[in-house]
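Residues per chain are reported as follows:
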Amino acid sequence: MIEIKNVSKSYVKGKKTLDNLNLEIKNGEIFGFLGPNGAGKTTTIKIITGILDADEGDVLIDGKSITDSPLEAKKNFGFVPDNPDMFLKLKGIEYLNFMADVYEISTEKRKEKIEELTKKFEIYKDLNNQIQSYSHGMRQKIVICGALLSEPKNWILDEPMTGLDPKSSYDLKEMMREHAKSGKTVFFSTHILEVAEKLCDRVGIINKGKLVFVGTLEEMKEKFKENGSLEELFLEITEE
Ligand SMILES: Nc1ncnc2c1ncn2[C@@H]1O[C@H](COP(=O)(O)OP(=O)(O)OP(=O)(O)O)[C@@H](O)[C@H]1O
Ligand SMILES: [Mg+2]
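What you see is a predicted model; the values in this text were computed from it and never measured.

Secondary structure assignment for the protein chain yields nine helices and 10 strands. On C-alpha atoms alone, the protein chain measures out to a radius of gyration of 18 Å, which is about the 18 Å that the 2.2 N^0.38 rule sets for 240 residues. With respect to the three principal axes, the spread of C-alpha positions in the protein chain is 50 × 40 × 35 Å. By residue count, 39% of the 240 residues in the protein chain fall in the buried class.

For the rest of this paragraph, the subject is the nonpolar core. Counting 62 residues, the largest nonpolar core has Val 59, Leu 149 and Phe 187 as the members making the most contacts within it. At seven residues, the largest contribution of residues to this core is made by helix α5 (residues 136–148). Residues from two domains meet in this core; each of domain 1 (2–76 + 153–238) and domain 2 (88–151) gives at least three. Not counting the four nearest positions on each side in its chain, Val 59 is found in contact with Ile 2, Glu 3, Ile 4, Val 7, Ile 47, Ile 48 and Ile 66.

Attention now moves to the site of ligand 1. Close contacts around ligand 1 come from Tyr 11, Thr 17, Gly 35, Asn 37, Gly 38, Ala 39, Gly 40, Lys 41, Thr 42 and Thr 43, and that covers them all. By residue class, the composition of the shell around ligand 1 is two nonpolar, seven polar and one charged.

Time to look at helix α1 (residues 41–48). Extensive coverage of α1 is indicated by the burial of six of its eight residues. The set of residues buried in α1 consists of Lys 41, Thr 43, Thr 44, Ile 45, Ile 47 and Ile 48. One or two positions beyond α1, positive phi appears at Gly 50, with a value near 80 degrees.

Domains assigned within the protein chain are domain 1 (2–76 + 153–238) and domain 2 (88–151). The centre of domain 1, based on its C-alpha atoms, is set 25 Å off from the matching centre of domain 2. In this complex, domain 1 contributes eight residues to the contact, which on the side of domain 2 involves seven residues. The residue inventory of the side of domain 1 that touches domain 2, partitioned by class, reads three nonpolar, three polar and two charged.

With that settled, the discussion passes to unusual backbone geometry. For Phe 87, which is not a glycine, the phi torsion comes out positive at approximately 50 degrees. Note on placement: Phe 87 falls in the loop between β6 (77–80) and α3 (92–102). Judged by C-beta crowding, with 19 C-beta atoms within 10 Å, Phe 87 ranks as partly exposed. Backbone geometry places Glu 104, a non-glycine residue, at a positive phi of 50 degrees. Within the secondary structure layout, Glu 104 lies in the loop between α3 and α4 (107–120). Here Glu 104 falls in the exposed class, since 9 other C-beta atoms lie within 10 Å of it.

Taken together, the six strands give an open sheet; going across it, the order is β6-β7-β8-β3-β9-β10, and neighbouring strands pair in mixed fashion. Each edge of the open sheet carries a strand with a single partner, namely β6 and β10 (210–215). Across this sheet, the average inter-strand angle for adjacent strands is 15 degrees, counted without regard to direction. Bridge count for strand β3 (residues 30–34) against strand β8 (residues 185–189) is four bridges, and the pairing is parallel. For Ile 30, the partnering residue across the bridge sits in β8 and is Val 186. Each of β3, β9 (202–207) and β10 touches helix α9 (residues 230–238); the most contacted strand, β9, lies at about 40 degrees to it.

What follows concerns the pairing of β6. With burial as the criterion, each face of β6 is covered, one bearing Phe 77 and Phe 79 and the other bearing Gly 78 and Val 80. Of the pairings in the sheet, the one linking β6 to strand β7 (residues 154–158) comprises four bridges and is parallel in character. What sits directly across from Val 80, in β7, is Leu 157.

Rules used throughout
Residues numbered from 1 in each chain as written. Chains lettered and ligands numbered in written order. Predicted model: local features only at pLDDT ≥ 70, side-chain atom pairs only at ≥ 80, totals over all residues. Helix = DSSP H or I, 4+ residues; strand = E, 2+ residues; numbered from the N terminus. Rg over C-alpha atoms; globule rule 2.2 N^0.38 Å. Buried ≥ 20, exposed ≤ 12 C-beta atoms within 10 Å, placed from the backbone. Core = buried A, V, L, I, M, F, W, Y, C linked by C-beta atoms within 7 Å. Domains from an automatic or database assignment. Contact = placed C-beta atoms within 7 Å. Near = placed C-beta within 6 Å. Nonpolar A, V, L, I, M, F, W, Y, C, P; charged D, E, K, R; others polar. Pairing = 2+ DSSP bridges. Axes fitted to C-alpha atoms, helices over the stretch in contact; angles between N-to-C directions.

Set out below in structure tokens:
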């Protein structure tokens, strides 16, 4: 469970990038975070994960404050950032072992998880190559594998489908479904409205740092009294 409480953030004085955000993502839920470019999705995710400090407010991950108990809070989630270009000098296997070390995963368990995840995403054979030799999609896959190694209860994913081929994208969506079905939490941002429509229990729409809608798609259609597609609704909700 992820609770965002009264979070505000300015990068530049006097201009609020996030303006008093309140949001609760429940156990057993897939929550899609939508909004135009520059709306504040990645900034929100960076604050949830403790990469950035909020100016005001706090975030609780399974009840642990990212401000007061950052280490405890961080043990409760796996995170996939929007840009997978990191640790490029490491071999895939070195990166995954590094992640397993950070999360103190036993030798036996990590072997099993690394094999399971990298075979699923079809990068098992590439693990002995440096990440800088990987394609964009392969980098995305190794970061996803690293984030899921520790079997975190909360998944926090910033545009996770970007660059994935259709099969991997399908597999990831199935994994998200299974994860939520087992009572755990998935929070992800996306621009793919079709994915949001098919996958999410609820969505949140952020525009210029403010949440302009939170609820199910049915509620969105009801609220805006539109029979249009999600795309038309999205454009209406976020227009000037
Ligand atoms: N490090 C930074 N310094 C100054 N401004 C920033 C910084 N990072 C982001 N911003 C600004 O904050 C706003 C929100 O950016 P953010 O990256 O959160 O948007 P986003 O919703 O993730 O967009 P996208 O859909 O393009 O990924 C934008 O106006 C952006 O220019
Ligand atoms: Mg972003």
